Amino acid sequence: MIRVLIADDQVLLRGSFRVLVDSEPDLSVVGEAGTGARAVELALATRPEVVLMDVRMPEMDGIEATRRIGDVSRVLIVTMFDLDAYVYSALRAGASGFLLKDTPPADLLAAIRLVARGEALLAPTVTRRLIEEFARPAVRGLEGITDREREVLTLIARGLSNTEITEHLHLSMATVKTHIGRLLTKLDARDRAQLVIAAYESGLVVRSGA
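In this report, the structure presented in the accompanying data block is examined. (Residues numbered from 1 in each chain as written. Predicted model: local features only at pLDDT ≥ 70, side-chain atom pairs only at ≥ 80, totals over all residues. Heavy atoms only, no water.)

1. Examining the sheet that holds strand 2 (residues 27-33)
Here comes step 1: One open sheet accounts for 5 strands, arranged 2-1-3-4-5; its pairing is parallel. Looking along the sheet, the strands with just one partner apiece sit at the ends: strand 2 and strand 5 (98-100). The average angle at which neighbouring strand axes cross in this sheet is 25°, direction not considered.
Here comes step 2: Against the sheet, helix 1 (residues 11-22) contacts strand 1 (2-7), strand 2, strand 3 (50-53) and strand 4 (74-79), and its axis sits at roughly 165° relative to strand 2. (Pairing = 2+ DSSP bridges. Helix = DSSP H or I, 4+ residues; strand = E, 2+ residues; numbered from the N terminus. Axes fitted to C-alpha atoms, helices over the stretch in contact; angles between N-to-C directions. Contact = heavy atoms within 4.5 Å.)

Pasting the structure below:
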């Protein structure tokens, strides 16, 4: 059973999400929060696998709430805007991905299951545009990263899947996963989303057309 916490200041939207999530046999809502502070409190108390987090909420926004939840739960940002500095900041704070509030119900449910499995929800084109828009190059280094790991990191930032990386670099899947695991450790990143941010903030990858 995947336990889900819903954090949004709109009561109607929280109710809609609850009905949708609870309709699935493998999903269960463990709580609702109307503020960021309450979201942190409930996440620490119930330790859900996934938190559906709004960005703009009273008392504490979703960015700070995501940061405070840390490794307790994986956070999926649900927002109105696909290009929003708040969303970028939330990803940088540790969110595992984001969805738009008009996402079809089936896609929302699939996203919850994906994030619960420990994967990052990256819509390559939208996420890359978002990070290109708000990332500040050269704010972090890539010390200790090997040349091969740099290649893998560059391809991750370009939106390639593990399978595509294996084909591009002529490596086995096991080797690619090993490189990604080492990148996560060396860059203190929890998932693929933060690896993409690291690639842009280090200057390893630059904006399209730059």
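There's plenty left to go through after this.
2. Section: helix 1
Here comes step 1: The end-to-end C-alpha distance of helix 1, which contains 12 residues, comes to 16 Å, matching closely the 16 Å that a straight helix rising 1.5 Å per residue would cover.
Here comes step 2: Here the buried face of helix 1 lies against strand 1, strand 2, strand 3, strand 4 and helix 5 (105-116). (Expected span 1.5 Å × (residues − 1).)

3. Points about the pattern of salt bridges
Here comes step 1: Per the counting criterion, the structure on display carries 16 salt bridges.
Here comes step 2: The shortest N-O distance in the salt bridge between E64 and R67 comes to 2.7 Å. One end of the pair, E64, and the other, R67, are both in helix 3 (residues 62-69), 3 residues apart, so they sit about a helical turn from each other.
Here comes step 3: Looking at E64, the relative accessible area reads 24%, which means it is partly exposed.
Here comes step 4: Overall, R67 belongs to the partly exposed group, its relative accessible area being 44%.
Here comes step 5: Several salt bridges converge on common partners, so that one network encompasses R14, R18, D22 and E32. (Salt bridge = Lys/Arg side-chain N within 4 Å of Asp/Glu carboxyl O. Buried < 20%, exposed > 50% of the residue type's maximum accessible area, 1.4 Å probe, protein only.)

4. Concerning unusual backbone geometry
Here comes step 1: Residues other than glycine seldom take positive phi values, yet R47 does so here, at roughly 50°.
Here comes step 2: In this structure, R47 sits in the loop between helix 2 (36-46) and strand 3.
Here comes step 3: With phi around 50°, D188 is a residue other than glycine that occupies positive phi space.
Here comes step 4: Turning to its location among the elements, D188 is positioned in the loop between helix 9 (173-186) and helix 10 (192-201).

5. A word on the packing of helix 4 (residues 85-93) against helix 10
Here comes step 1: Contact pair helix 4 / helix 10: the axes reach a minimum separation of 9 Å and the direction vectors enclose 110°. When the interaxial angle is binned, helix 4 and helix 10 end up roughly perpendicular. Where helix 4 abuts helix 10, its residues Y88, L91, R92 and A93 lie against A193, Q194, I197 and E201.
Here comes step 2: Of the residues assigned to the contact of helix 4 with helix 10, the class counts are 5 nonpolar, 1 polar and 2 charged. (Parallel < 35°, antiparallel > 145°, perpendicular 65-115°, else oblique. Nonpolar A, V, L, I, M, F, W, Y, C, P; charged D, E, K, R; others polar.)

6. As for the pairing of strand 2
Here comes step 1: Pairing of strand 1 with strand 2, which is carried by 6 bridges, proceeds in the parallel orientation. Counted as the bridge partner of R3 is S28 from strand 2.
Here comes step 2: In the classification by handedness, the crossover that spans strand 1, the intervening helix 1 and the parallel strand 2 is right-handed. (Right-handed = clockwise from strand over helix to strand, strands pointing away.)

7. Focus: the environment of A65
Here comes step 1: Tracing the backbone shows A65 in helix 3.
Here comes step 2: For the pair formed by A65 and A174, sequence separation is 109 residues and the distance between their alpha carbons is 35 Å.
Here comes step 3: Here A65 is in contact with G36, V40, M53 and M60, once residues within four sequence places are set aside.

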